[in-house]
Amino acid sequence: MELRVNNEIHEVDVEPEMPLLWVIRDILNLKGTKFACGISQCGACTVHIDGEPVRSCSYPASAAQGKEITTIEGISLDASHPVQQAWVKHQVPQCGYCQSGQIMAAVSLLEKKARPTDADINAAMTNICRCGTYKRIRDAIHDVAGNTAENTLAYEA
Amino acid sequence: MNKQFNSSRRKFMLTSAAISGGFALGLQLPAKAQDAVSGNDINIWVQINPDDTVTIKYARCEMGQGSMTSAPQIVADELDASWDQVRIEYVDVNEHFRMDRAWGAMVTVGSQTIRNSQEYLRNAGASARAMLVAAAASEWGVPASEINVSNGVISHAISGRESGFGALAAAAAEQAVPETVTLKDPADWHIIGQSKPRVDIPPSVDGSQVYGVDVELPGMVYASMATSPVFGGSVISFDATKALTRKGIIDVVAIDGIAVAVVADNWWRANKALEEVEIQWDTKGNGEVSNETILAQFNESLAAPDAAPMPNNAGDADQALANAEQVLEADYFTPFLSHSPMEPMGATVRITGERVDIWASTQSPEGLVGEMVNALGVEEENVYAHRVQAGGGFGRRGGSSDYARAAALIAAELPDGTPVKMLWTREEDTQHDFYRPLAMYRLKGGLDANGMITGWKARIASGSILNQMRGAPLRGGVDFTAVEGFTQLPYNIPDQFQDFKLTPTHVPLGFWRTVGWSQTPFAREQFIDELAVAAGEDPFHFRLKHMAEDELSRHILEKVAEAIGWDETPAAGLYRGIATTEPYGSYTAAAVELSVNDAGVINIHRIVQGINTGHMVNPDNVIAQLEGATVWAISAAMWGEINIDQGKVQESNFHDYRLLRMAQMPVIDTVLEATGGFWGGVGEPGQAPILPAFCNAIAAATGTRVRSLPLKHHGFSLA
Ligand code: FES
Ligand code: FES
């Protein structure tokens, strides 16, 4: 089947029911998208399909044909996306394993709503972070949005 | 130490200098390598490069706890480097073993990285600095005492001479290693104590960070495995006929007689096929173990006449209780818990002749190497454990390297040189952990007419991690990890008696973030509140009046009380709880402010979390660790439990092992104290006071004293 990932067309020979996550990771060798639960619970595997955040562990590859798939590797070439920059500025990641998924969810939220409220963030950011980085994720999203109350930083620029 | 050792060390020096075009500077080495190399000219921690950059080696692991940044900060400070010129590199594990473990411990557990390496890291930086100064002195013909080093610049004010590090590196490497160095006064630190951005963060935002699960090698095959669902069980037989007909399946193998693995050309295919392997399991007599049988066993332990008394017992607790005005007694229960780091267990192993290469997220490179030696019978120095970031550790990857062993045994079944990546499903990960021990506590306390605690007894019933995982005999019959929190009360109680009753089950036990301190404060600090209530006193002031002799415990407790405004009445409907702990060499306290509605819905308004680490290397990272530890504790408090039925774990994935998410993230304010004089831990201590402070607040709000976890079983939910 033919898949369009990060603006590139890939011809892959896989079972139609193979989850998109495993095609991305093991066939296309894009390792930024992570496996953590496999049952659509945690969001570590979040990618965009036609701009919508999708948990790729539970999304058959065949259903993605003809659609535009974007992974963490595709949102910028040099970590220059404002969300990525805010993640560094706020020192969000701990182990980092969930953060590709968190960033993909945040990018999508901000594309839909440039100035999200706390309630919007709660509704859109349902990914699990075992390290517990939620406060900084929230601060970083507010920072990108220009919601200024939260912008004070404890570390040096 | 023998000659071979010295020659390999020399070779290392030449190689590393040749590779980098720079020079490794010298000094004392940790542990036993120290004797072997005194007077030698290598500093294994600091390398100065011709372009003025400084490469600082990092020996431990990184899993988000931040010490890959903070440990090198310590070296850079004593070196008087500028942080901008510092590059950080992992120590190569194989080189470490070949050099008789010259870099000390690599294992990254127990909040020990900074505490246990700060001294040799400071020495490394200071010694390298002294050698640069000596080189400048001889080159410029001036006394070393007149030379200043600051921010990566070596200067002599009188002559106006000045140099970067790079230009003097070669000459510095020729200098004698100083016998002793004077370490800085903490007041002069300029990199220690600064919130330097973590070096492992940038790759975590663009998908380029490499975790164990991300390793990809030419010719790689993939494996998924199923271990006996009943702990201690084994494989009687398996039928892989159907699985072998599926696309891409390469092999189906039994591992250690306790698990079956399917190997395929991609992981998804291996895992799908595994579902079709029919496995007959032998439960080895553990098929009847359940929550009920375990609870009965623990209740027996609480009353058992024979238990191991603890060394800190003092006075006559029974007599004190008999004389007390009021006596309280309560039992507390904390369940088994799984680690559930976001990256499931897995490892990649390639065996090529005598050589073994392994890539695995770990907290213990030593454990990985040891497991390869055990599983495959290879020589330690032929094991190459490659460095990767761990997708969370929390203790799971520091004790047993069972997952690495499994991958090695699969690799051993494959043609020589074939790399295999073995990865567990989340279900396998949840059900084959080394769990936080289930423990019960029976506490007795006596109060006199002045509301002072005069007598105290504690019975701790728990399995033993040390005994079960390591087969270690228990000193005096007590597992110190199970009783931490009770070994040295911060409260001045003249007559106290505490003992430990070993209560083994078939459930594997392991070090779970904060270990004993993750659970003992739930009992201790709630019981202190129970005593305060019985005495008719405020829980904060009740604690203080028993802490006359413990300055540091008082200090952090007072700071936290001040930050939450303890002595001012909270707004209507809000209630507070407070607790104090002294884990991992640090002092931590927490206060929680919340409301609870009639339906039992808890709304956490604010958590104040305080820590005194003595010296503090990277404050922002300490804040991050406190935030994370709080999330960890609230998840455990609300929902955390691993249930056993028919010998197996009932929970399997995040739908039934629930973790806190963004919408329920409480507001956390942190209080950082660095009073100096000691080096305390950071990663684990933060959690310790949260649980009891939270439950004390719930008791204040509702009158319900929750003595067993999780809270969901008591009609509580989180807003
Ligand atoms: S791995 Fe897809 S949601 Fe968890
Ligand atoms: S940063 Fe570790 S799981 Fe989110």
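Scroll up for the structure.
Note that the structure is predicted; figures quoted are calculated from it, not measured. (Residues numbered from 1 in each chain as written. Chains lettered and ligands numbered in written order. Predicted model: local features only at pLDDT ≥ 70, side-chain atom pairs only at ≥ 80, totals over all residues. Heavy atoms only, no water.)

## Re the interface of chain B and chain A
Item 1. Across the boundary between the two partners, chain B contributes 64 residues, which contact 52 residues of chain A.
Item 2. Roughly 4900 Å² of surface becomes buried between chain B and chain A when both sides are summed, with 58% attributable to carbon and sulfur atoms.
Item 3. Per-residue buried area on chain B facing chain A is highest for Trp268(B), Met342(B) and Met662(B); these three make up 18% of the total on that side.
Item 4. Across the contact surface, chain B and chain A share 8 salt bridges.
Item 5. Put simply, Arg136(A) and Asp620(B) hold a salt bridge, and the shortest N to O gap is 3.1 Å.
Item 6. Between chain B and chain A we count 26 residue pairs in polar contact (both at pLDDT 80 or more) in total.
Item 7. Top element by residues in the side of chain B that touches chain A is helix 19 (residues 619-639) of chain B. It accounts for 9 residues.
Item 8. Taken together, the residues of the side of chain B that touches chain A sort by class into 30 nonpolar, 19 polar and 15 charged. (Contact = heavy atoms within 4.5 Å. Buried area = accessible area lost by both parts, 1.4 Å probe. Salt bridge = Lys/Arg side-chain N within 4 Å of Asp/Glu carboxyl O. Polar contact = N/O pair within 3.5 Å; in protein donor to acceptor, adjacent residues only side chain to side chain. Helix = DSSP H or I, 4+ residues; strand = E, 2+ residues; numbered from the N terminus. Nonpolar A, V, L, I, M, F, W, Y, C, P; charged D, E, K, R; others polar.)

## Observations regarding the sheet that holds strand 15 (residues 346-352) of chain B
All names here are of chain B.
Item 1. Reading across from one edge, 10-11-8-18-15-16-17 is the order of the 7 strands in this open sheet, with mixed pairing throughout. Of all strands in the sheet, those bounded by a partner on one side alone are strand 10 (249-255) and strand 17 (383-386). Going from strand to strand, the sheet's axes swing by 20° on average, the running direction of each strand aside.
Item 2. Both strand 16 (residues 355-359) and strand 17 contribute to a ladder of 4 bridges, which runs parallel. Of the residues in strand 17, the one forming a bridge with Val356 is Val383. (Pairing = 2+ DSSP bridges. Axes fitted to C-alpha atoms, helices over the stretch in contact; angles between N-to-C directions.)

## Brief notes about the environment of Thr675(B)
Residue and element names in this part refer to chain B.
Item 1. Note that Thr675 resides in the loop between strand 27 (668-673) and helix 20 (690-702).
Item 2. Its relative accessible area of 38% is what places Thr675 among the partly exposed residues.
Item 3. Ignoring any residue separated from it by four or fewer positions in sequence, one finds Thr675 in contact with Leu552, His555, Asn612 and Gly614.
Item 4. Separated by 2.8 Å, the side chains of Thr675 and Asn612 make a polar contact. (Buried < 20%, exposed > 50% of the residue type's maximum accessible area, 1.4 Å probe, protein only.)

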